[in-house]
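Each chain, letter by letter, is given below.
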Amino acid sequence: MALLSGFSKFNRRQRLDYIVKNSDLKDTKALEINDYSAHDQELYNEMIENYIGNFPLPLGVVTNMLINGEWMIVPFVTEESSVIAAAAKAAKFWAGRGGFKATILGTTKKGQIHFTWNGQPLHITQQFTRIREKLYAATRDLTHKMGERGGGIRDIQLVDKTYDLPGYYQIDVSFGTADAMGANFINSCLEKMACALQQTDELNIGETKVDIIMSILSNYTPESLVSCRVECPITKLDGWNNKLSFNEFATKFKLSVDIANVDRSRAVTHNKGIFNGIDAVLQATGNDCRATAAAAHAYASRDGSYKSLNAITLTKETFAYELQLPLSIGTVGGITQIHPVVKIALDILKNPDAQKLMMIAVAAGMASNFAAIASLITSGIQAGHMKMHLSNILNQLKVNSFEKERAIEYFSVRAVSYDAVEDYILNLRETI
């Protein structure tokens, strides 16, 4: 695979042929993409309660994603018209400048047992070494197979929270979950530990007792971290468009990130641009984008104020831009092995393990964020977005093929808005 131009001009069959040729997706599976909502109704019925039907979202791909030297076609599921176009533009831009360099910084996930205990804090601290061994023992039947895959329980710690709430403690448990997101594994282990804790002789003596409040994983995973970096000489930044010189582009880009670090209102929108890409990949691969977004937003506030998830370094010679965030996702478990379109998306990605998928997702987030900022500081966000949104407006107005063709031609050199398109179509209909 090499740098590709004109993919958006391909028809659907040509796009699928290209993907089949350059991924693990088989042609027979590619043809099933249109049919998924008509089949396997029993399967979908068992995924949720009160099932009544399916809610399709568009599945597209971003080409020219060069990640750690490997060319990738990345599936995006999104309803926002400009997301794929923006990410694809950024992917192509950075492919000519070394691509995206992604790194896994950690894969540890966490769960907690929240409980109260009415004894002396010194006693529970002194007994915890013995208690910890009982907690490990309580989960051995659950951790055996996970251990064979390189996961399992990594640590168990007591956290004294009595200064926050009277008698309140936590058992803080660190996990490795290999290629699974691991929620069911973590929660099952925690519930086994909670039963053992409630029965331990060291803490349940007479009127002194453990009262379990809840046992649950934490979606805040600051030790399951991934980063992505792009870097090039400043002189190479002049390829985005002709609105700004490379020095002006670099300076304004850095200022946009600086603003996101001092203004919460801008920071939220800045980080949302990252999740335009990350969520699209996670939706396509059957992962929980709600959990990952919650973790990332908490991580953006880790220093006491909400800031950009990106860091930028600008010198006279070099532009370097980095994204670091927690990401707890998987490629096995959940719906990854049963949802037919998720399996197709993973085939397109050549069936990555969880760590590789983390790097793909963060690169997608970097591409989306870079494209958004680059557009904001040059042509503005609405010019490109509304051009992509034109088709949605025309569909709302129920135009025919002739009207659509004329409108696309007319607005190719004009600003798009709902009112302008509606006026044009109404005038067009009056003249026919």
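Residues numbered from 1 in each chain as written. Predicted model: local features only at pLDDT ≥ 70, side-chain atom pairs only at ≥ 80, totals over all residues. Heavy atoms only, no water.

Visitor: Any chance you could explain the pairing of strand β2 (residues 70-77) here in plain terms?
Guide: On a regular strand, each side chain points to the face opposite its neighbour's, so the side chains alternate between the two faces of the sheet. Burial of β2 is extensive: six of the eight residues sit out of reach of the surface. Here strand β1 (residues 59-67) runs beside β2; their pairing, made up of seven bridges, is antiparallel. Looking at β2, one finds that Ile67 is bridged to Glu70. What sits between the antiparallel neighbours β1 and β2 is a turn of two residues, in which Asn68 has the positive phi angle 50 degrees. (Buried < 20%, exposed > 50% of the residue type's maximum accessible area, 1.4 Å probe, protein only. Helix = DSSP H or I, 4+ residues; strand = E, 2+ residues; numbered from the N terminus. Pairing = 2+ DSSP bridges.)

Visitor: Help me understand the sheet that holds strand β4 (residues 109-117), please; the structure alone is not making it clear to me.
Guide: Here we have four strands laid out as an open sheet, ordered β5-β6-β4-β7, and antiparallel in their pairing. Each having just a single partner strand, β5 (152-160) and β7 (210-218) make up the two edges of the open sheet. Each adjacent strand pair in this sheet contributes to an overall mean axis angle of 20 degrees, direction not counted. As defined by bridge partners, β5 adjoins strand β6 (residues 168-176) across eight bridges and the pair is classed as antiparallel. Each bridged residue has a counterpart across the sheet, and for Gln157 the counterpart in β6 is Asp172. This element, helix α5 (residues 121-138), spans β4, β5 and β6 of the sheet and lies at about 165 degrees to β5. (Axes fitted to C-alpha atoms, helices over the stretch in contact; angles between N-to-C directions. Contact = heavy atoms within 4.5 Å.)

Visitor: In this structure, what is going on with the nonpolar core? I would like to understand it.
Guide: The tendency in soluble globular proteins is for nonpolar side chains to be buried as a group. Of all hydrophobic cores here, the largest spans 65 residues; its most connected members are Met65, Phe253, Phe319, Tyr321 and Phe370. Apart from the residues lying within four places of it in its own chain, the contact partners of Phe319 are Trp94, Val230, Glu231, Cys232, Ile234, Leu237, Ala250, Phe253, Ile312, Thr313, Leu314 and Phe370. Counting residues in hydrophobic clusters, the runner-up holds 28 residues, among them Ile113, Phe115, Leu158 and Cys189. (Core = buried A, V, L, I, M, F, W, Y, C linked by side-chain atoms within 4.5 Å.)

Visitor: So what exactly am I meant to see when it comes to the pattern of salt bridges here?
Guide: Pairing is possible between side chains of opposite charge, provided their charged atoms come close. Counted by the stated rule, this structure contains 14 salt bridges. For Glu202, the salt bridge identified is with Lys134, shortest N-O distance 2.9 Å. With a gap of 68 residues between them, Glu202 in the loop between α7 (183-199) and β7 and Lys134 in helix α5 connect regions that are remote in the sequence. Under the relative-accessibility criterion, Glu202 is labelled buried at 6%. Classification of Lys134 as partly exposed rests on a relative accessible area of 35%. Residues joined in a network through salt bridges with shared partners are Arg13, Asp17 and Asp27. (Salt bridge = Lys/Arg side-chain N within 4 Å of Asp/Glu carboxyl O.)

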